[in-house]
Amino acid sequence: MPGAGMKSTEANTVNNAEPFDVVDIIRTKRDGGAWKMEHIAWVVDAYTRGVVSEEQMAALAMAIFLRGMNREEVAQWTGAMIASGSTLDLSDLGKPTVDKHSTGGVGDKVTLPLGPLVASFGVAVPQLSGRGLGHTGGTLDKLEAIPGWSPEMSTPRMKEILCEVGAVVAAANADLAPADRKLYALRDVTATVDCLPLIASSIMSKKIAEGTSALVLDVKVGSGAFMRDVDSARQLARAMVDLGTDAGVSTRALLTDMEVPLGRTIGNALEVREAVEVLGGGGPGDVRELTCALARAMLELAGIRDADVEGALDSGRAMDTWKRMVEAQGGDPAAPLPVARHTHEVRAERAGYVDALDALALGVGSWRLGAGRARKEDRVQAAAGIELHVEYGQRVEPGQPLLTLHTDTPERFARAEEAVLPGIHIGAEPPAPRTLIHDVIS
């Protein structure tokens, strides 16, 4: 029977031509050491090629989770994930490029009005987005509620739309940072998702690979966000801004509130309808405020200062760009949006002030109604979701409508209410006001 040493050699020397032994690399991080640049470049490439096994990368991810990575290691790790696939070159567009990324929240439809708004100032906004999973919504799911709209296109077609319209929302190319896609699936089943260096490198590897020259990050904070407190969100924002800066991408992060949902709607078609209201100069105040704040930051990084973003919304200029963007991607901006076949109203049981509208509870409720998915292959209901009739801090009376649940499958109402009701609280006194934008990291 082979001894332990022989077994280790057999298990780890997958190919004698490989320059490093993955077990040595795992051991280095497990024991708190720092990697050399060539170690990181090799292990990410070897994992992408299948030389490093899933079990070995799981051990490596856990070592990173427990021991962390220094700034240089995170930068090298991010660079290695970018190098695992292709990158986009947008330098031939003839206009500045800037993108925005949100870490995910509930009712966060800001990407929809934001891209056309920024593009209306002559800036190219290439937004490569994804679908929702769990209680947070996906931009592609929202836009696919528009009849005919499609996120699928070739890179040349994406560039055409950027030149002609200025804004595009496309499905992320599978060739961009494939190592990250593979690693994220592994982290999801090994309890290593909530690891700051891996979160930062995952987000930034894809964004840097997109080829944009500037990037604004919307880092959500609160119950409905990945980062629950401001200090943790600030650390993540700082790490991502540093990664962007080190890669030559002008990067800024805004820390924004996600203790309560953004706007008055949660769910795909409902959120599109609200986004169009914002583009028309109306909509909920918090959605408009955040859209304008992010637009100003994006335009400043693109070299345009003192832009009248509110005026572009109120005048209809941003709406014109929205319509052209939707049409360029096969959609009909004038077509009616899907409407749920069944609704159920939740009313206040007593008088008082709304002092809790928990974003996580409402996000889970919307997901249970069919607006989200538990697995990537699940289908979503375009019309499902929640419509809020009250705001945080508002006074209500007994019997006053608080929210309406929307779904095509009414058997979902009971479980949705189980999630939603504990997240709504009516107190005797007005609550302290909440801050929408907590901090800006440059």
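Residues numbered from 1 in each chain as written. Predicted model: local features only at pLDDT ≥ 70, side-chain atom pairs only at ≥ 80, totals over all residues. Heavy atoms only, no water.

### Some details on the pattern of salt bridges
- For the structure on display, the rule yields 26 salt bridges.
- A salt bridge links Arg71 to Asp242; its shortest N-O distance comes to 3.6 Å. Residue Arg71 is located in helix 5 (residues 71–83), and its partner Asp242 is located in helix 11 (residues 230–246); the two are separated by 171 residues in the primary sequence.
- Classification of Asp242 by relative accessible area gives buried; the value is 16%.
- The closest approach of N and O atoms between Lys220 and Asp218, which form a salt bridge, is 2.8 Å. Each member of the pair, Lys220 as well as Asp218, is classed as buried.
- Members of the salt-bridge network, linked through shared partners, are Arg71, Arg238, Asp242 and Asp246. (Salt bridge = Lys/Arg side-chain N within 4 Å of Asp/Glu carboxyl O. Helix = DSSP H or I, 4+ residues; strand = E, 2+ residues; numbered from the N terminus. Buried < 20%, exposed > 50% of the residue type's maximum accessible area, 1.4 Å probe, protein only.)

### Concerning the environment of Leu299
- Position of Leu299 relative to the elements: it lies in helix 13 (residues 285–301).
- Not counting chain neighbours up to four residues away, the residues in contact with Leu299 comprise Val118, Phe121, Val123, Ile304, Ala307 and Val309. (Contact = heavy atoms within 4.5 Å.)

### Notes on the nonpolar core
- In this structure, Val43, Trp77, Val118, Val219, Trp322, Ile386 and Leu403 are the most contacted members of the largest nonpolar core, which totals 135 residues.
- Broken down by element, the residue count for this core peaks at nine residues, all from helix 13. (Core = buried A, V, L, I, M, F, W, Y, C linked by side-chain atoms within 4.5 Å.)

### A closer look at the domain arrangement of the chain
- Split into domains, the chain comes out as domain 1 (22–84), domain 2 (98–329) and domain 3 (342–427).
- Averaged C-alpha coordinates put domain 1 and domain 3 at centres separated by 42 Å. (Domains from an automatic or database assignment.)

### Observations concerning helix 8 (residues 155–164)
- All of the buried residues along helix 8 are Met158, Ile161 and Leu162. Taken end-on, helix 8 shows its buried residues confined to a sector of 100°, consistent with a single buried face. Away from its buried face by more than 90 degrees, helix 8 exposes Pro156 and Glu164.
- Where the residues of helix 8 are buried, they touch strand 2 (125–129), strand 3 (167–171) and helix 15 (317–328).
- Regarding helix 8, its N-cap is Ser154, as a side-chain oxygen of that residue lies 3.2 Å from the backbone nitrogen of Arg157 further along. (Arc of directions from axis to C-beta. Polar contact = N/O pair within 3.5 Å; in protein donor to acceptor, adjacent residues only side chain to side chain.)

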